[in-house]
Amino acid sequence: SGPRPRLVNATLPQFCQAVDADHAKTPFLPTIRGCFGHSWDVWPVCLAKYVADMREGERQFLAAEALVTVVSSAFPGLVETTRADRERAEWCLAMLSDHAWNGTDDRNKRHNADLRRGWAAELNALARKLQHQAWQGIGLDEAKRRLTIYNPLSVPRADLIRLGRQAGDGTGPDVKAHPYQIGEEDGHPVMYFVSPPVPGFGLVSLPLRTVPSVARSPRLRAEGAELEGPFYRLAVDSKTGGIASLVHKPTGKELVAKGARALCQSVYHDGQEHLLSDVKVESLGSGAVLARLRISGKAAGIEITNLITLYDQLDRVDFDIRVKKPATTKQERLCQFFPLLGDGAVVRIETTGAVIRPKPQPEGDLLPGADTRRFAVQGFLDVSLLDGPGVTIAPLDAFVLRTDLGPLAFECLGNDQNYREVVQDQGGVTEFRFRYSLRAHKGPYDQAEAIAWSRSVATPLLVARGQVRGDQVIIEVDPARAIATCLKPADDPKTGGLILRVWETAGRPEPIEIIAKGFSKAMRSDLLERDQEELRVVSGKVGLPIRPYGFAALRLLP
């Protein structure tokens with residue numbers, strides 16, 4: 001009985017507003033400046049393998065979920081047959097992103113690491129299962145000599161296809177349209193080729209036929225410590241194992257800033273700095289699709305191998321770093337450095353829900369007192385001169401950006417963030433993989449382009465052998481205005497339909513035009529899928545209101 005206190009469970013701004021509303025005449029909360037630090041965001045680097053698995057699992061789950069959604073437009077029963085697995089995958093992802101990555105004592109830390117390993121493995125397994133269910137749901141006929149390619153993003157694109165090959169398999173795409181190259185990945189034979197353009201959320205079918213041998217591209221070269229393609233020319237520093245020179249051929253610009261570090265150079269620190277020794281640079285040759293070098297070396301007992309790839313048709317440089325290291329509880333970090341462009345370049349990073357310049361105002365976007373040393377990067381890092389050129393990097397596995405070590409560096413693994421509280425031996429893991437994709441752009445920084453490209457290189461096209469049946473819906477989002485963050489079946493079967501969530505990336509205030517053919521009704525929803533208002537569908541198009549750089553959701557109904 002009697003008066004009861006009111007509990008406000010909300011974000012910090014909502015909390016302050018709620019308290020100040022009760023004390024409008026005598027507000028007692030001081031103005032808060034600065035930040036809470038980034039230690040909570042970055043200490044999962046102490047379990048770097050499981051973070052990489054989580055990031056890959058999230059991408060694969062969203063891709064499989066988008067395929068399920070598109071297939072369910074023709075085969076609606078797939079929504080219910082996959083519901084339990086989709087909800088379980090969401091639960092794994094929620095636990096991975098929310099549950100503590102440290103522990104109260106050694107036993108608790110080991111337990112948390114075991115939980116994280118299990119959730120990440122389950123998330124990736126569920127993504128594979130959902131993808132298989134979707135292909136089966138759309139009636140994939142594997143007896144047909146065709147390939148079906150699905151684009152799980154809203155960004156139209158042609159991209160690299162890695163097609164696993166069985167012994168004696170001599171089939172492939174039309175050679176004239178899609179030159180191919182036979183290679184090997186992790187001991188397994190693969191065929192590489194570049195797909196035809198695939199629309200956002202679209203399916204494309206290619207015939208398979210017996211293919212002749214293909215001559216290598218005259219535009220690709222891998223010789224000694226040099227690698228060259230139509231877009232880039234690079235030279236390896238045989239002393240450090242990093243890239244001493246990377247020239248963007250369309251502009252003639254040297255992208256590597258002068259200094260003590262080379263590009264994508266690995267440096268290990270355990271109280272003292274260790275550089276790579278016994279560096280070996282090997283040409284893995286070139287073909288019709290790609291050219292590749294392998295760099296290997298050792299540092300303090302750690303074996304590091306970096307595969308660097310250039311392409312004939314794709315404008316990017318790929319780095320694939322494999323690390324073998326003994327488990328240790330020494331305070332440590334392993335970084336890859338990216339010295340780019342030098343003085344006058346502006347750095348931008350994609351953090352959760354926003355792109356920021358990681359410096360104090362007015363040069364950057366941080367409040368006075370903010371931590372400028374370390375950041376959790378979601379999709380990309382961009383370094384650009386005011387009028388161009390610039391360089392965009394998509395870190396697929398690593399996520400901790402360090403700005404306090406000289407040039408920009410990604411700390412790919414370590415235990416030096418909250419050392420006393422975190423797991424100190426990487427959970428006993430001894431083998432790691434860290435991938436980066438890099439692309440230069442001629443002009444000034446373009447946020448819509450950077451976001452669309454970084455999502456594309458992180459989320460490959462899905463490929464299945466065989467032919468599918470059934471019509472597909474057409475959903476198109478202009479990549480110069482926005483990107484879809486997900487396409488999914490509605491959570492509530494009573495309201496039904498599918499949910500499209502978008503991020504406005506161009507900074508413009510007018511509604512986004514969504515092409516939604518095959519739908520008769522559209523509702524603007526919030527991010528909890530609560531309908532806000534009905535929107536007109538005119539000739540298969542919907543205007544979705546959205547704030548500049550904001551997020552919005554749309555429910556589409558047949």
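For the structure given in this document, a descriptive report is provided here. What you see is a predicted model, and the numbers here were worked out from it, not measured in a lab. Throughout, residues of each chain are indexed from 1 in the direction in which the sequence is written. Whole-chain, interface and lining totals are the exception, using all residues; otherwise, since this is a predicted model, local features are given only for residues with pLDDT of at least 70 and side-chain atom pairs are given and counted only at 80 or more. With hydrogens and water set aside, each side-chain value is computed from the structure's full complement of heavy atoms.

Each disulfide is one covalent bond, formed between the sulfur atoms of two cysteines. The criterion for a disulfide is a pair of cysteine sulfur atoms lying within 2.5 Å. Applying the stated rule across the entire model yields zero disulfides. Among the cysteines around Cys264, which has no disulfide bond, Cys412 carries the closest sulfur, lying 9.5 Å off. For every residue, the accessible area (1.4 Å probe, protein chains only) is compared with the maximum for its type, and the residue is labelled buried under 20%, exposed over 50%, or partly exposed between those bounds. For Cys264, a relative accessible area of 3% gives the class buried. Lacking any disulfide linkage, Cys412 is separated from the closest cysteine sulfur, that of Cys335, by 6.9 Å. When its relative accessible area of 3% is taken as the criterion, Cys412 is described as buried.

A separate point is the sheet that holds strand β32 (residues 512–517). The pairing criterion for strands is at least two bridges between them, as found by DSSP. Helix and strand assignments come from DSSP, with helices taken as H or I runs of at least 4 residues and strands as E runs of at least 2, each series counted from the N terminus. Spatial ordering of the open sheet is given by β29-β32-β36-β35, a layout of four strands whose pairing is antiparallel. Each end of this open sheet is capped by a strand with a single partner; those strands are β29 (474–477) and β35 (537–538). Judged from the two bridges that link them, β35 and strand β36 (residues 541–544) form a sheet pairing that is antiparallel. Each bridged residue has a counterpart across the sheet, and for Val538 the counterpart in β36 is Lys541.

Here we take up the sheet that holds strand β20 (residues 346–351). What the nine strands build is an open sheet, ordered β15-β16-β17-β18-β27-β24-β23-β20-β21; its pairing is antiparallel. Both edges of this open sheet fall to β15 (277–286) and β21 (354–356), since each of them pairs with a single strand only. For this sheet, the mean angle separating the axes of adjacent strands, direction not counted, is 15°. Two strands pair when backbone bridges link them, and strand β24 (residues 390–395) and strand β27 (residues 431–441) are joined in this way by six bridges, in the antiparallel orientation. Residue Gly390 lies in a different strand from β27, and its bridge partner there is His441. Every axis in this analysis is a line fitted to C-alpha atoms, fitted for helices over the stretch in contact. Angles between the N-to-C directions lie between 0 and 180 degrees.

Take the packing of aromatic side chains next. Any two aromatic rings considered together are summarised by their centre-to-centre distance and by the angle between their planes. Each Phe, Tyr or Trp ring, with Trp reduced to its six-membered ring, pairs with another whose centre is within 6.5 Å; inter-plane angles below 30 degrees give stacked pairs, above 60 give edge-to-face pairs, and intermediate values give tilted ones. Per the counting criterion, the structure on display carries seven aromatic pairs. Consider the rings of Trp91 and Trp119, whose centres lie 5.7 Å apart with planes at 90°: the pair is edge-to-face. A residue pair is termed long-range when its members are at least 10 positions apart, and Trp91 in helix α4 (residues 77–98) and Trp119 in helix α5 (residues 106–137) qualify at 28 residues. Residue classification places Trp91 among the partly exposed residues on the basis of a relative accessible area of 37%. An aromatic cluster is defined as three or more aromatic residues linked by ring pairs; in this entry it consists of Phe319, Phe338, Phe410 and Tyr436. Over the ring of Phe337 we find Arg261, and its NZ or CZ is 4.7 Å from the ring centre. For a ring to carry a charge above it, either NZ of a lysine or CZ of an arginine must fall within 6 Å of the ring centroid while also lying within 35 degrees of the normal to the ring plane.

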